[in-house]
Amino acid sequence: MAKPWDNMSEEQWESICKRCGKCCLHSLQDEDTDEIYHTNVLCRYFDVEKSLCTVYENRCKIVSQCLKLNKDNVDKLPFMPKSCAYRQLFDPQYTEKPTPPLKGRVISETEIDETQIEDYIVDWEDL
Ligand code: SF4
Ligand code: SF4
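What counts, and at which threshold
Residues numbered from 1 in each chain as written. Chains lettered and ligands numbered in written order. Predicted model: local features only at pLDDT ≥ 70, side-chain atom pairs only at ≥ 80, totals over all residues. Heavy atoms only, no water. Salt bridge = Lys/Arg side-chain N within 4 Å of Asp/Glu carboxyl O. Helix = DSSP H or I, 4+ residues; strand = E, 2+ residues; numbered from the N terminus. Buried < 20%, exposed > 50% of the residue type's maximum accessible area, 1.4 Å probe, protein only. Pairing = 2+ DSSP bridges.

## Re the pattern of salt bridges
Within this structure, the stated rule accounts for 4 salt bridges. Between Glu-49 and Lys-103 there is a salt bridge, and its shortest N-O distance comes to 3.2 Å. In this pair, Glu-49 is assigned in the loop between strand 3 (46–47) and strand 4 (52–53) and Lys-103 in the loop between helix 3 (85–90) and strand 5 (107–108), connecting sequence segments 54 residues apart. Overall, Glu-49 belongs to the exposed group, its relative accessible area being 58%. Here the residues in one salt-bridge network are Glu-10, Glu-14 and Lys-68, joined through shared partners.

Rendered as structure tokens:
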């Protein structure tokens, strides 16, 4: 069955993103349970003042873990925030919620010892 987004142009698809940056936070996955843990550690390329990725056009080349979301993968990525506008599009159980900016609540990956990243796991109520 045809879905509303099937015929979206690239521009329409891109316009869905709220540029919240929540998918740019580091996440950890428990090897035994597959459970996802979100941290408050943010990719070095996300500018919290402007709320945008500073390397957007080349993001997947510059950051190997940065995935380009598309209509086939966005609902299959367990680490995607439940408040992500794309997840809400694909799964109505994720209803629109206010998404306060990340500014003041995160730390850049450049400022931490990444071997200690587990210390930065946060229970994000609005993620
Ligand atoms: S490179 Fe990827 S993870 Fe990093 S800020 Fe840009 S979009 Fe987010
Ligand atoms: S979490 Fe979703 S809405 Fe927010 S920046 Fe990432 S892709 Fe865009």
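## Thoughts on the sheet that holds strand 2 (residues 36–42)
If you trace the 3 strands from one edge of the open sheet to the other, you get 1-2-5, paired in mixed fashion. Each edge of the sheet is formed by a strand with only one pairing partner; in this case those strands are strand 1 (25–29) and strand 5. For strand 1 and strand 2, the ladder comprises 4 bridges, and the chain directions are antiparallel. Of the residues in strand 2, the one forming a bridge with Leu-28 is Tyr-37.

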